[in-house]
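An overview of the molecular structure
Given next are the chains, with one letter for each unit.
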Amino acid sequence: MKKKNAFTLAEVLITLGIIGVVAAMIMPILIQKNNNRVVEARLKKFYSAINQAILMSESVNGDRKIWSKTFNTFSDNSDDAATAAMEDMENWFNTYLKPYMKVIKTEKEPKVFTVYFSDGSAMSYSSWTSEDIVFYVGNPKKCLDKYQNGVFSTNGNGSGRCSFLFRYSANENYDFGPYKLYWDGKPQFLIDKCKNGYRQYCTAVIQMNGWKIPDDYPFKVSY
């Protein structure tokens, strides 16, 4: 008679328990790595797409310095002024950028104008500053509900996580890129700002790293 080797029930349960513990440890890391890749890809794509759209628009509408003069900052945030601002922003976007980007729909709220793109991302302007542009790597409502109680903000808790601030301003000669206002040209300035509550600078930190989330990035990104 030959003796058959087999695992006991206790050994099987212990093995399954070890596998479960290892999986529980590894899964969050894998999920976060996937989140990073999606965020990195969409940030880079958006930056490239909107700058390409500006160049194509220039070939039809002339120098951006001319047509961008209608892209104003609205200091009066009364309801009437906000409504007028939203209409101006919508008209400006529809004329100069929409024809050259993959837009699936737009939404005009009382004080926020949002553009949705085919890859699931979106961007928003607000009535109080048309120069700052918030880019959402995923659904804006999901981002705002999770981090900002559903309230739009250019520097809320979602900024640097699921929303990222860009800027299109006459002060920067109408170049479109990550928010770098008052930047002294030193990378550490952007890093310190991002880590210390000025989340609008986090977009520039990622760009500076070749559109890759740095290993020491202070926030977990999502989409």
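For the structure, check the block above.
For clarity, every value in this text was computed on a predicted model and none was experimentally measured.

Cut-offs and rules
Residues numbered from 1 in each chain as written. Predicted model: local features only at pLDDT ≥ 70, side-chain atom pairs only at ≥ 80, totals over all residues. Heavy atoms only, no water. Salt bridge = Lys/Arg side-chain N within 4 Å of Asp/Glu carboxyl O. Helix = DSSP H or I, 4+ residues; strand = E, 2+ residues; numbered from the N terminus. Buried < 20%, exposed > 50% of the residue type's maximum accessible area, 1.4 Å probe, protein only. Pairing = 2+ DSSP bridges. Axes fitted to C-alpha atoms, helices over the stretch in contact; angles between N-to-C directions. Contact = heavy atoms within 4.5 Å. 1 Å grid on protein atoms, 1.4 Å probe; cavity = no way out; pocket = protein on both sides within 12 Å on 5 of 7 lines; lining within 4 Å. Points joined across faces, edges and corners; volume = space filled by probe spheres on them. Nonpolar A, V, L, I, M, F, W, Y, C, P; charged D, E, K, R; others polar.

Some details on the pattern of salt bridges
- The tally for this structure, following the rule as stated, stands at eleven salt bridges.
- A salt bridge links Arg167 to Asp132; the nearest nitrogen and oxygen atoms lie 2.6 Å apart. Here the residue Arg167 occupies a position in strand β5 (residues 163–169), and Asp132 occupies one in strand β4 (residues 129–136), the gap between them amounting to 35 residues. You'll find Arg167 and Asp132 in the same group, each marked buried.
- As a salt-bridge pair, Arg167 and Glu172 come within 3.2 Å of each other at their nearest N and O atoms.
- With relative accessibility at 27%, the residue Glu172 sits in the partly exposed group.
- Connected via shared salt-bridge partners are Glu131, Asp132, Arg167 and Glu172.

Quick look at the sheet that holds strand β2 (residues 112–117)
- Pairing in this open sheet of six strands is antiparallel, and the strands run β1-β2-β3-β4-β5-β6 from one edge to the other. Strands at the two margins of the open sheet, each flanked by one partner only, are β1 (103–108) and β6 (175–178). For this sheet the average axis-to-axis angle between neighbouring strands, irrespective of direction, equals 20°.
- Taken together, the four bridges between strand β3 (residues 122–126) and β4 define a ladder with antiparallel strand orientation. Among the inter-strand pairings, Met123 is bridged to a residue of β4, identified as Phe135.
- Sheet strands touched by helix α3 (residues 79–96): β1, β2, β3, β4 and β5. Its angle to β3, the strand with the most contacts, is close to 140°.
- Strands in contact with helix α4 (residues 140–147) are β2, β3, β4 and β5; relative to β4, the strand with the most contacts, it is inclined by about 90°.

Observations concerning the layout of surface pockets
- Of the pockets and cavities examined, the largest pocket occupies roughly 210 Å³.
- The wall of the largest pocket is formed by 15 residues, among which Lys45, Ala49, Met101, Lys102 and Phe117 lie closest to the centre.
- Considering every element that reaches the lining of the largest pocket, the biggest residue donor is helix α1 (residues 9–61), with seven residues.
- Along the lines of polarity and charge, the residues of the lining of the largest pocket split into eight nonpolar, three polar and four charged.

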